[in-house]
Amino acid sequence: MRSKSTLNQVRPSSKSLGNAKTLDQPLSLAEQSAQSVWSPNTPAWLTIVCRTYQHQAFIAQCLDGFLAQETTFKVEILVHDDASQDQTAQIVKAYQQRNPGLIRLIEQSENQFSKGRRAQELVLPHIHTPYVADCEGDDYWTDPRKLQIQVDYLEAHADVVVTSHDAFIENEQGERVSETKLPQEQQRDFTGLELMCGQAWILTLARVYRNVLSTEPIQERAHILNGDNFTTALLGRWGGAHFHTDIASAAYRVHAGGVWSSLSMDKRIQAQLTSDYWIHRYFARTAQCWEDRAAAHAWFLRWLDGAKRASSISPIQAWVAVLQWRLQRWRARLKRNRLWGRSGAA
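Residues numbered from 1 in each chain as written. Predicted model: local features only at pLDDT ≥ 70, side-chain atom pairs only at ≥ 80, totals over all residues. Heavy atoms only, no water.

(A) Geometry of the nonpolar core. Counting 39 residues, the largest nonpolar core has Leu46, Ile48, Phe66, Ile77, Val79, Trp141 and Leu205 as the members making the most contacts within it. Considering every element that reaches this core, the biggest residue donor is helix α2 (residues 59–67), with five residues. Setting aside residues no more than four positions away along its own chain, Ile48 makes contact with Leu29, Phe66, Val75, Glu76, Ile77, Leu78, Ala133, Trp141 and Leu147. One finds Val123, Val162, Leu213 and Leu235 within the second-largest nonpolar core, a separate group that totals 32 residues. (Core = buried A, V, L, I, M, F, W, Y, C linked by side-chain atoms within 4.5 Å. Buried < 20%, exposed > 50% of the residue type's maximum accessible area, 1.4 Å probe, protein only. Helix = DSSP H or I, 4+ residues; strand = E, 2+ residues; numbered from the N terminus. Contact = heavy atoms within 4.5 Å.)

Laid out in structure tokens, this is it:
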């Protein structure tokens, strides 16, 4: 889907499991660790990224869900703790000691989120596996076959960059408040362009994706609170998405300490509007093909529609924004025409 000029900006996975050392039968990560199945020099095939902050009440259940995963390939667990003031890091270290060589901990001494630095860009340079799975420290997985199913699907479908599944919603007391987090219309496959244009809702705790995201800092990321949408849009540059109905729902936990769930509705709307605007700015700044320009346009319209619905901008401000956007598109088109003219003259 990408033009040749952009391929050198990322780290696409060209490997396949056929080149990796694998087990004859799936074995849980806990058993793999206990039996020292893998040598230290055996490369892992997937990294589980777990971002935590003040999750001492939940992190053990999250890690247990990781350890229960049954795979035929080597997995590593990367936990990023953003300077928690509770016992989160200590609990992770206890799991490290019981499972040597399986868990890596990045422990920040100062909170990075408050400085505008997102965990996503902080952990990316530490991921060297072909595949990545995400799960926040306050969520957990319930299906021990999850990782194996998702990696097997990606191995068999080169045009798919990410696979996901549904989740149920659980409150702080462990009570299930909803059997599904995703609307029915979101429980389907998506094209890469749909991902780029913000049409897909892929849950963070459900996704497994190819390690294709650039490790270079993205200047717009500091303004984007809803990083899930941004990651989905970025992944869309490299393929489509598959929705699994053959994986049991994971647990998405709603609690007072959650970054998103703790926000009031007004603040959520404002955070979403800000995120939409800066995702638009990113695609407009980095556009190198028509898909990028389509994504920039889609995110702009999404921001404009949301702003008008929320009455955060007046009709005049909306009109000015549309004019500025049209002027920006006209300048970009003029620049391309000039470059094509030079190329033709040469």
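(B) Structural context of unusual backbone geometry. The backbone of Ser36 shows a phi angle near 50°, a positive value even though the residue is not glycine. Structurally, the position occupied by Ser36 is in the loop between α1 (29–34) and β2 (46–52).

(C) Representation of the sheet that holds strand β4 (residues 75–81) within the structure. Taken in spatial order, the seven strands of this open sheet run β5-β4-β2-β6-β10-β7-β11, and their pairing is mixed. Two strands bound the open sheet, and with one partner strand each, they are β5 (103–107) and β11 (240–243). Between one strand and the next, the sheet's axes are offset by a mean angle of 20°, whatever the strand orientation. Two strands pair when backbone bridges link them, and strand β7 (residues 160–164) and strand β10 (residues 208–210) are joined in this way by two bridges, in the antiparallel orientation. (Pairing = 2+ DSSP bridges. Axes fitted to C-alpha atoms, helices over the stretch in contact; angles between N-to-C directions.)

(D) View of the sheet that holds strand β12 (residues 250–253). Strand order in the open sheet formed by three strands is β9-β8-β12, with mixed pairing between adjacent strands. Across the chains shown, the open sheet's two edge strands, defined by having one partner strand only, are β9 (176–178) and β12. Taken over all neighbouring pairs, the strand axes of this sheet differ in orientation by 50° on average, direction set aside. Two elements, strand β8 (residues 167–170) and β12, share four bridges in a ladder whose sense is parallel.

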